[in-house]
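The lines below spell out each chain.
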Amino acid sequence: MKFFIDTANLAQIQEAYDLGILDGVTTNPSLMAKEGIKGQNAILKHYVDICNLVGEGDVSAEVLSVDYQNIIKEGEALADLHSNIVVKVPMIKDGLKAIKYFANKGIRTNCTLIFSAGQALLAAKAGASYVSPFLGRIDDIGWDGMKLIEEIKNIYLNYDFDTEILAASIRNPIHILKCAEIGADVVTSPLASITALLNHPLTDKGLAQFIADAKKME
Ligand code: E4P
């Protein structure tokens, strides 16, 4: 399973990359705004800065337009920025058409705001490179986000779609583990949920004992 980090914060991206387990980055307009990025030039520069931090890792950059012509225009400009860029397109009718257009042009896409298996099926048919089911937001309204990941996995296996399942809206380390059990291709997560996987009280206790015993051999 690939690990992406879900942030536009350069320090956190660097920290995750330095752990040696980072395969890519996802951003969205909310995450970009949170970093105080304003204006077209600053937005484009920030995406290039992110790409330069992650080696060959994929970087999802989301279009802000919602009509076909402007999604195409914006997506092509984003794709031209850097070979790591994956154009993130919302699951709407014009977005679906744009994904087909980008697929024909060899431009990789991430279809975002996926909340149903039907949406994921359409995105795969259109040729999306990734689909992003938002499992945390589904859990937030009392539905079962993990069930959606399972449904999409089964549908994609039935037809051997190349589209990768990028589980998004991750809230905790258990989400990451459950996605790995189901076989999601990618999980995009805040840094805290990734680093939480490192922790176990018995590791801490065992290490304290080893350090204490090592002192006896000095
Ligand atoms: C995915 O690509 C989205 O940017 C993100 O995972 C949404 O997460 P949230 O529900 O925590 O905002």
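Residues numbered from 1 in each chain as written. Predicted model: local features only at pLDDT ≥ 70, side-chain atom pairs only at ≥ 80, totals over all residues. Heavy atoms only, no water.

1. A short note on the pattern of salt bridges
Spelled out, the test is: Throughout this description, the term salt bridge denotes a Lys or Arg side-chain nitrogen within 4 Å of a carboxyl oxygen of Asp or Glu. Helix and strand definitions here come from DSSP, where helices need a minimum of 4 consecutive H or I residues and strands a minimum of 2 consecutive E residues; each element is numbered from the N-terminal end. Summary of the burial criterion: residues with accessible area below 20% of their type's maximum are buried, those above 50% are exposed, and those between are partly exposed, where the area comes from a 1.4 Å probe applied to protein chains only.
A complete count under the given rule lists nine salt bridges for this structure. With a closest N to O distance of 4.0 Å, Lys105 and Glu76 form a salt bridge. On the criterion of sequence distance, the pair formed by Lys105 in helix H5 (residues 93-105) and Glu76 in helix H4 (residues 68-81) is long-range, its members being 29 residues apart. Given a relative accessible area of 25%, Glu76 falls into the partly exposed group. The shortest N-O distance in the salt bridge between Asp213 and Lys216 comes to 2.8 Å. One end of the pair is Asp213 and the other is Lys216, both in helix H11 (residues 201-216) and three residues apart, which spans about a single turn. Taking relative accessible area as the criterion, Asp213 reaches 28% and is therefore assigned partly exposed.

2. Describing unusual backbone geometry
The phi dihedral of Leu113 falls on the positive side, at around 65°, and the residue is not glycine. Mapped onto the elements of the fold, Leu113 is located in strand S5 (residues 109-114). Positive phi, close to 60°, is recorded for Asp160, a residue that is not glycine. Relative to the assigned elements, Asp160 resides in the loop between helix H8 (145-159) and strand S7 (164-167).

3. Considerations on the site of the ligand
Inclusion rule: Nearness is judged by heavy atoms alone; a residue qualifies as near a molecule or strand once a single heavy atom is within 4 Å of it. A 3.5 Å cut-off defines polar contacts: any pair of N or O atoms within that distance qualifies, except that in protein one atom must be a possible hydrogen donor and the other a possible acceptor, and neighbouring residues in sequence count only when both atoms are side-chain atoms. For accessible areas, the Shrake-Rupley method is used with a probe of radius 1.4 Å. Any residue's cover is judged against the shown protein chains and nothing else. Three classes are used, and their members are as follows: Ala, Val, Leu, Ile, Met, Phe, Trp, Tyr, Cys and Pro are nonpolar, Asp, Glu, Lys and Arg are charged, and the others, Gly among them, are polar.
Inspection of the region around the ligand gives Asp6, Asn28, Lys88, Phe134, Arg137, Ala168, Ser169 and Arg171 as its neighbouring residues. Within the side chain of Asp6, one N or O atom sits 2.6 Å away from an oxygen atom of the ligand. At 2.6 Å from an oxygen atom of the ligand is found a side-chain nitrogen or oxygen belonging to Lys88. For the ligand, whose unbound accessible area comes to 340 Å², protein coverage reaches 84%. Looking at the shell around the ligand residue by residue, the classes come out as two nonpolar, two polar and four charged.

4. Let's talk about a nonpolar patch on the surface
Stated formally: Grouping into patches uses exposed residues only, defined as over 30% relative accessible area, and leaves out salt-bridged ones; the cut-off is 9 Å for like charges and 5 Å for nonpolar side chains (Val, Leu, Ile, Met, Phe, Trp, Tyr).
Side chains of Leu19, Ile21 and Leu198 sit close together on the surface and give an oily, nonpolar patch of about 270 Å² of accessible area. Mapped onto the elements of the fold, Leu198 is located in the loop between helix H10 (191-196) and H11.

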